Amino acid sequence: MSHLSVQELEKVAEAYEQLLAPALFEQWTDRLADAAEIRSGQRVLDVACGTGILARTLAARVGQNGAVSGVDINPGMLAVARRNCPGIDWREGSAEALPYEDDQFDAVVSQFGLMLFSAPDIALREMKRVLKPGGHLAVAVFDSLDKLPAYATMASIFERLVDPGVGNALQIPFSMGDTDRLSQLFSDAGIQAPVIITHEGTAHFDSVRNMVLSDVRGWFPFAGIELGEDAIEAVVQEASKELEPFQTSHGAVDFRVPVHFITATKT
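Residues numbered from 1 in each chain as written. Predicted model: local features only at pLDDT ≥ 70, side-chain atom pairs only at ≥ 80, totals over all residues. Heavy atoms only, no water.

Another point: the pattern of salt bridges. In this structure the tally under the stated criterion is 17 salt bridges. Glu 14 serves as the salt-bridge partner of Arg 83, at 2.7 Å between the closest nitrogen and oxygen. In this pair, Arg 83 is assigned in helix α4 (residues 75-84) and Glu 14 in helix α1 (residues 6-25), connecting sequence segments 69 residues apart. According to the relative accessible area criterion, Glu 14 is partly exposed, its value standing at 27%. Linked by salt bridges that have partners in common, Arg 160, Glu 238, Lys 241 and Glu 242 make up one network. (Salt bridge = Lys/Arg side-chain N within 4 Å of Asp/Glu carboxyl O. Helix = DSSP H or I, 4+ residues; strand = E, 2+ residues; numbered from the N terminus. Buried < 20%, exposed > 50% of the residue type's maximum accessible area, 1.4 Å probe, protein only.)

Attention shifts here to the packing of helix α6 (residues 149-161) against helix α10 (residues 229-242). Between α6 and α10, the least distance of the axes is 10 Å, while the angle of their chain directions is 140°. The angle between α6 and α10 falls in the class oblique. In this structure, α6 meets α10 at a crossing whose hand is right-handed. From α6, Thr 153, Met 154, Ile 157, Phe 158, Arg 160 and Leu 161 reach across to α10, where they touch Ala 234, Val 235, Glu 238, Ala 239 and Glu 242. Within the contact of α6 with α10, the residues separate by chemical class into 7 nonpolar, 1 polar and 3 charged. (Axes fitted to C-alpha atoms, helices over the stretch in contact; angles between N-to-C directions. Parallel < 35°, antiparallel > 145°, perpendicular 65-115°, else oblique. Left-handed = near helix turned anticlockwise from the far one by under 90°. Contact = heavy atoms within 4.5 Å. Nonpolar A, V, L, I, M, F, W, Y, C, P; charged D, E, K, R; others polar.)

Moving on to the pairing of strand β4 (residues 105-111). Along β4, 6 of the 7 residues are buried, which leaves the element largely enclosed by surrounding structure. Across 3 bridges, the pairing between strand β1 (residues 43-47) and β4 is parallel. Bridge pairing in β4 links Leu 45 to Val 108. For β4 and strand β5 (residues 131-142), the ladder comprises 6 bridges, and the chain directions are parallel. By the bridge assignment, Val 108 is partnered in β5 with Leu 137. Assessed by its sense of winding, the connection that carries the chain from β4 through helix α5 (residues 120-130) to β5 is right-handed. (Pairing = 2+ DSSP bridges. Right-handed = clockwise from strand over helix to strand, strands pointing away.)

Have a look at this one:
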């Protein structure tokens, strides 16, 4: 976690909700809920829930007879989540030490969080622990950076114009694209017969500037990275040229986003 105060973290989380959620994340919530076979009346846990993008969909699925819990290590994310959907049980906690008893949930889901955990194998063991026997686990991760050339281009621009560490920060979300390694990770965590299916979505940013700002305002500060206006402007100018293959006639940025869904059932 960065050095930011809770208020500053909340501001970053608001940018994340406004810039990244509609562009990248919201399109996956129904698909992941389907993969986890979420039904009315179930008790479901969203691990690394962020601002509640997935949890809100889960709450609609389980209805009044069900219950959704969301856990995240970032208090700023949770502040935004609580404001947007107060009916969900939001808790601050680590994925590697989930604050729940054994065998509590009918389903456990995690959307684009596994790549960020300090010990993903321990986090997966924790997800399995809190899942009821026969319960469903569904986890989504982005494919590798070489399958997302628009983000590979952005990582290169940040590395060249700002700092290699900034480029590296943008690569982290795409660090679990190798399906063989993913399968091994789940097996090592004691999760039997994980099934990996790759789905394709589309990223849509209204402009190159919004794509740049989505990371500068909604992601980098969590990693302790803050960019000045001159650096941001230089990146926007360079990205406007290098992202041309992904730009529409109206200046929006659209590109394919492959995502791996890993599902399993607790035996």
